[in-house]
Amino acid sequence: MTKYEKEIYRLITESEDHMTAEQVFGEVKKIYPSVSLATIYNNLNKLSGAGMIRKVSVEGSPDRYDRTAKHDHIVCRRCGKLTDVRFSDLTEALERQMGEKFLFYDLKVYYICPECRKKEELQDLYAVKSGTATG
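The rules behind the values
- Residues numbered from 1 in each chain as written.
- Predicted model: local features only at pLDDT ≥ 70, side-chain atom pairs only at ≥ 80, totals over all residues.
- Heavy atoms only, no water.
- Helix = DSSP H or I, 4+ residues; strand = E, 2+ residues; numbered from the N terminus.
- Contact = heavy atoms within 4.5 Å.
- Buried < 20%, exposed > 50% of the residue type's maximum accessible area, 1.4 Å probe, protein only.
- Pairing = 2+ DSSP bridges.
- 1 Å grid on protein atoms, 1.4 Å probe; cavity = no way out; pocket = protein on both sides within 12 Å on 5 of 7 lines; lining within 4 Å.
- Points joined across faces, edges and corners; volume = space filled by probe spheres on them.
- Nonpolar A, V, L, I, M, F, W, Y, C, P; charged D, E, K, R; others polar.
- Axes fitted to C-alpha atoms, helices over the stretch in contact; angles between N-to-C directions.
- Parallel < 35°, antiparallel > 145°, perpendicular 65-115°, else oblique.
- Left-handed = near helix turned anticlockwise from the far one by under 90°.

### Details of the side chain of N43
Moving on, step 1. Take N43: it is sitting in helix α3 (residues 37-49).
Moving on, step 2. Not counting the four nearest positions on each side in its chain, N43 is found in contact with T2, Y4, E5 and I8.

This is the structure we're talking about:
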């Protein structure tokens, strides 16, 4: 592994966050000031292609990177916040339905996070108080 691969791998696997390439770039640049964003992308692609880290794609958001330990994600449909969650393993049930084995599954459950729900409630309350509520 190159020094960049090692540092990127360390960042991703030790983080509870789901970092974007730009966030990884900012962190690696603190240690290796001459690193380029292209180098970060190349190494992220190499590490995810090798199965050492996991690329998480959410529509409308930049790709994020995560450790490979088995877990699922919940995604806020409003703000895009991505949170780890551990649901019961669905492997057996899915393999029964498919009638064959598969490599892995990537489960993302979409919802409205508590922070966004609270903002919506406050906006609704404001709209009622100001007389701009519709419906």
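### Observations concerning the pairing of strand β4 (residues 72-76)
Moving on, step 1. With five of five residues buried, β4 is to be regarded as a mostly interior element.
Moving on, step 2. By the alternation rule, side chains of β4 split into D72, I74 and C76 and H73 and V75, which are all buried.
Moving on, step 3. As defined by bridge partners, β4 adjoins strand β5 (residues 82-85) across four bridges and the pair is classed as antiparallel. What sits directly across from I74, in β5, is T83.
Moving on, step 4. Taking the residues between adjacent antiparallel strands as the criterion, β4 and β5 are bridged by five residues, where G80 takes a positive phi near 85 degrees.
Moving on, step 5. In terms of strand pairing, β4 meets strand β6 (residues 108-111) through four bridges, oriented parallel.

### Remarks on the layout of surface pockets
Moving on, step 1. As a volume, the largest pocket reaches approximately 210 Å³.
Moving on, step 2. Every residue along the wall of the largest pocket is listed here: I53, R54, K55, T68, K70, H71, F104, Y105 and D106.
Moving on, step 3. The class makeup of the residues in the lining of the largest pocket is three nonpolar, two polar and four charged.

### Comments concerning the packing of helix α1 (residues 3-14) against helix α2 (residues 21-31)
Moving on, step 1. Running from amino to carboxyl end, α1 crosses α2 at an angle of 125 degrees, the nearest separation of the two axes being 10 Å. Relative to α2, the element α1 is oriented oblique. Note that α1 runs across α2; the crossing there is right-handed. Across the interface between the two elements, Y4, E7, I8, L11 and I12 from α1 touch V24, E27, V28 and I31 from α2.
Moving on, step 2. Partitioned by chemical class, the residues of the contact of α1 with α2 number seven nonpolar, no polar and two charged.

### With respect to the sheet that holds strand β1 (residues 19-20)
Strand-to-strand pairing in sheets goes through backbone hydrogen bonds, with the strands running parallel or antiparallel.
Moving on, step 1. With antiparallel pairing, the three strands of this open sheet are ordered in space as β1-β3-β2. Here the strands that pair on one side only, and so sit at the sheet edges, are β1 and β2 (54-56).
Moving on, step 2. Here two bridges tie β1 to strand β3 (residues 64-66), and the two strands are oriented antiparallel to one another. Along β3, the bridge assignment pairs T20 with R64.

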